[in-house]
Amino acid sequence: MTSLTAIIFDFDGVIADTEPLHFAGFRQTLAEVGINLTETDYYANYLGYDDRGCFITALTAHRHPVDPAALMQLMQRKAHAYMESVKDHLVIFPGVREFVREAAAAYPLAIASGALRHEIEVILEQAGLRKEFLH
């Protein structure tokens, strides 16, 4: 049997519980264009999309035009709202800090995620875990 040589983590849902913050950012931003996004609707129909895909799907479902410039503005406003909420909420799951530190003492650690790198790094810094990950 081959021994373990490194550990690769997913980020959202494994290290950090960011989904409620993403939902809040989408809800706030979509409300600016007259779309009421409920939590039930978000988790049933939009979970798993990246920001672009979520906005395109929501705009299309509510018969709003999908203008590239307006789409970019929505994405920027949502990203800003999300990052502001990250500053106010520690989203690391309980026990993750201890586990990551213990694992980092024995193995190289990396993150493979669909999340944006700068968002991951901000959260890891906030949790005091950035230095534990080599990649």
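Every value quoted in this text rests on a predicted model; they were computed, and no experiment measured them.

A.B. asks: Would you mind showing me how to read the pattern of salt bridges here?
C.D. replies: Pairs can form between side chains of opposite charge whenever their charged atoms are close. Throughout the structure, instances matching the rule amount to six salt bridges. Among the salt bridges present, the one from Arg77 reaches Glu32, with a minimum N-O distance of 2.5 Å. In this pair, Arg77 is assigned in helix α4 (residues 68–88) and Glu32 in the loop between α1 (19–31) and α2 (39–45), connecting sequence segments 45 residues apart. Put simply, Arg130 and Glu121 hold a salt bridge, and the shortest N to O gap is 3.4 Å.

A.B. asks: Just checking my understanding: could you explain the packing of α1 against α4 for this structure?
C.D. replies: Helix packing for two helices is described by the angle between their axes and how far apart those axes are. Two elements in contact, α1 and α4, have axes separated by 8 Å at closest approach and are oriented at 135 degrees. What the angle tells us is that α1 and α4 run oblique. Judged by the sense of rotation from one axis to the other, the crossing of α1 with α4 is right-handed. Between α1, through Leu21, His22, Gly25, Phe26, Gln28 and Thr29, and α4, the contact on the second element is made entirely by Leu74, Arg77, Lys78, Ala81, Tyr82, Ser85 and Val86. Its residues placed into classes, the contact of α1 with α4 shows six nonpolar, five polar and two charged.

A.B. asks: Would you mind showing me how to read the nonpolar core here?
C.D. replies: Burial of nonpolar side chains together is a common tendency in soluble globular proteins. Judged by nonpolar contacts, the single largest core of 22 residues is most densely connected at Phe9, Phe11, Ile15, Ile111, Ile123, Leu124 and Phe133. Ranked by residue count, the leading element in this core is helix α6 (residues 117–127), at four residues. Residues contacting Phe11, with those up to four places away along its chain left out, are Ala16, Thr18, Ile111, Ala112, Ser113, Ile120, Ile123 and Leu124. Formed by 14 residues, the second largest nonpolar core is a distinct cluster that contains Ile35, Tyr42, Tyr46 and Leu74.

A.B. asks: Just to check I follow, could you spell out the packing of aromatic side chains for this structure?
C.D. replies: Ring pairs (aromatic) are described by centroid distance and by the angle formed between their planes. Under the defined criterion, the tally for this structure stands at seven aromatic pairs. On the numbers, 5.7 Å between centres and 75 degrees between planes, the contact of Phe9 with Phe133 is edge-to-face. Of this pair, Phe9 sits in strand β1 (residues 7–9) while Phe133 sits in the segment after α6, placing them 124 residues apart in sequence. Taking the relative accessible area as the measure of exposure, Phe9 reaches 10% and is therefore buried. The class of Phe133 is buried, set by a relative accessible area of 4%. Ring plane angle 40 degrees and centroid distance 6.4 Å describe the contact between Phe23 and Tyr43, whose orientation is recorded as tilted. With Phe23 in helix α1 and Tyr43 in helix α2, this residue pair connects regions lying 20 residues apart in the sequence. Residue Tyr43 is classed as partly exposed on the basis of its relative accessible area, which comes to 32%. A network of ring pairs unites the aromatic residues Phe23, Phe26, Tyr42, Tyr43 and Phe55 as a single cluster.

About the thresholds
- Residues numbered from 1 in each chain as written.
- Predicted model: local features only at pLDDT ≥ 70, side-chain atom pairs only at ≥ 80, totals over all residues.
- Heavy atoms only, no water.
- Salt bridge = Lys/Arg side-chain N within 4 Å of Asp/Glu carboxyl O.
- Helix = DSSP H or I, 4+ residues; strand = E, 2+ residues; numbered from the N terminus.
- Axes fitted to C-alpha atoms, helices over the stretch in contact; angles between N-to-C directions.
- Parallel < 35°, antiparallel > 145°, perpendicular 65-115°, else oblique.
- Left-handed = near helix turned anticlockwise from the far one by under 90°.
- Contact = heavy atoms within 4.5 Å.
- Nonpolar A, V, L, I, M, F, W, Y, C, P; charged D, E, K, R; others polar.
- Core = buried A, V, L, I, M, F, W, Y, C linked by side-chain atoms within 4.5 Å.
- Buried < 20%, exposed > 50% of the residue type's maximum accessible area, 1.4 Å probe, protein only.
- Phe/Tyr/Trp six-rings, centres within 6.5 Å; stacked < 30°, edge-to-face > 60°.

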